[in-house]
Every structure is written in structure tokens, then in C-alpha cells.
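Chain by chain, the residues run as shown.
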Amino acid sequence: DVTVTNDGATILKRLTLDNPAAKILVDISKTQDDEVGDGTTTVCILAGALLAEADPLLSQRIHPQSIVSGWRLALKAARDALEAAAWDIAGEDEAFKAMLFKIAKTT
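Report on the accompanying structure.

Conventions used here
- Residues numbered from 1 in each chain as written.
- Predicted model: local features only at pLDDT ≥ 70, side-chain atom pairs only at ≥ 80, totals over all residues.
- Heavy atoms only, no water.
- Helix = DSSP H or I, 4+ residues; strand = E, 2+ residues; numbered from the N terminus.
- Rg over C-alpha atoms; globule rule 2.2 N^0.38 Å.
- Buried < 20%, exposed > 50% of the residue type's maximum accessible area, 1.4 Å probe, protein only.
- Contact = heavy atoms within 4.5 Å.
- Areas by Shrake-Rupley, 256 points an atom, 1.4 Å probe, with all protein chains shown as cover.
- Lys, Arg positive; Asp, Glu negative; His and termini not counted.
- Charge placed at Lys NZ, Arg CZ, Asp CG, Glu CD.
- Axes fitted to C-alpha atoms, helices over the stretch in contact; angles between N-to-C directions.
- Parallel < 35°, antiparallel > 145°, perpendicular 65-115°, else oblique.
- Left-handed = near helix turned anticlockwise from the far one by under 90°.
- Nonpolar A, V, L, I, M, F, W, Y, C, P; charged D, E, K, R; others polar.
- Salt bridge = Lys/Arg side-chain N within 4 Å of Asp/Glu carboxyl O.

### Some words on the overall build of the chain
Within the chain, the secondary structure is distributed over five helices and zero strands. Written out in order from the N terminus, the α and β elements of the chain read α-α-α-α-α. Relative to its length of 107 residues, the chain is extended, with a C-alpha radius of gyration of 19 Å against a globular reference of 13 Å. Viewed in the frame of its principal axes, the chain has a C-alpha envelope of about 50 × 45 × 20 Å. Across the 107 residues of the chain, 12% fall into the buried class. For the chain, the proportion of contacts with a sequence separation of at least 24, taken over those separated by at least 6, is 17%. In the structure as shown, the chain presents an accessible area of about 8900 Å², 59% of it carried by carbon and sulfur atoms. Treating the 11 positive side-chain charges of the chain as one cloud and the 16 negative ones as another, the clouds have centres 3 Å apart.

As C-alpha cells, then:
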């Protein structure tokens, strides 16, 4: 059986894996695909990067829960920064339409 695709979710679904971390990446990808329908490769790359950053910390005997707590603090700081940089254009139909066109041009 041969499948030709560039869809990350399809590729990951077809893999047979024994590694627990790899299985988690497949689950993350499947959840992303089910909930959003896109971004499966991105979530795997992000999760892989987080795992890569965690490895040296684990080698220093930092508890996994401490690492996760740090990531949660970083998430809050990033979310707060995004909220502070955002602006509300509700009720401004022309500005909203212009912003959507701008976004569409960059994707």
C-alpha cells in the first residue's frame, strides 16, 4: 500500500511506533487535525522543540513538573504580550475587511 501526501497528519497516522514520545506526537497531531483541520506538522515541530529543550534540563535532574511549570509561566507571559499588542476592530467593518485581505496575502 503506497500513499503519496504532504499532509503531516496522514503521514503520522500511517506510522507504526513503539517510542512513547513518538506516540504522544502522533496523538497531538491527531487532536490538532480533529479540532482545527490544519497545523499538524507545526504542532509536532513545536512539541519536538519543547522535548529537545527539556532533555538537558532532565539531565540536570530538574523534575519534569518543574519544567512544565516553567513552560506554563512562559505561555502566560507570551499570551499577555499578545493581548497587550492586540487591538479591537469590532464594529469597524472596513478595517476588519482590510485586515482579512492583508492576512490572506501572507498565507
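Next comes the rest of the description.
### Topic: the packing of helix α3 (residues 40-59) against helix α4 (residues 64-85)
For the pair α3 and α4, the least separation of the axes is 10 Å and the interaxial angle reads 135°. Accordingly, the angle class assigned to the pair α3 and α4 is oblique. In terms of crossing hand, the pair formed by α3 and α4 is right-handed. In contact with Leu50, Ala54, Leu57 and Leu58 of α3, α4 contributes Pro64, Ile67 and Trp71.

### Brief notes about the packing of helix α2 (residues 20-35) against α3
Between α2 and α3, the shortest axis-to-axis distance is 8 Å and the interhelical angle comes to 145°. Handedness of the crossing formed by α2 with α3: right-handed. Contact residues: α2 offers Ala21, Leu25, Ile28, Ser29, Gln32 and Asp33, while α3 offers Thr40, Val43, Cys44, Ala47, Gly48 and Leu51. Taken together, the residues that form the contact of α2 with α3 break down as seven nonpolar, four polar and one charged.

### A look at the pattern of salt bridges
In the structure shown here, the tally under the stated rule is two salt bridges. A salt bridge links aspartate 34 to lysine 30; the nearest nitrogen and oxygen atoms lie 3.0 Å apart. Placement of the pair is aspartate 34 and lysine 30 together in helix α2, with a separation of four residues, close to one helical turn. Accessibility expressed as a relative area gives 52% for aspartate 34, which makes it exposed. Judged by relative accessible area, lysine 30 falls into the partly exposed class, the value being 43%. The partner of aspartate 80 in a salt bridge is lysine 76, with the nearest N and O atoms 2.8 Å apart.

### Observations concerning unusual backbone geometry
In this structure, arginine 61 is a non-glycine residue whose phi angle is positive, near 65°. Checked against the element boundaries, arginine 61 lands in the loop between α3 and α4.

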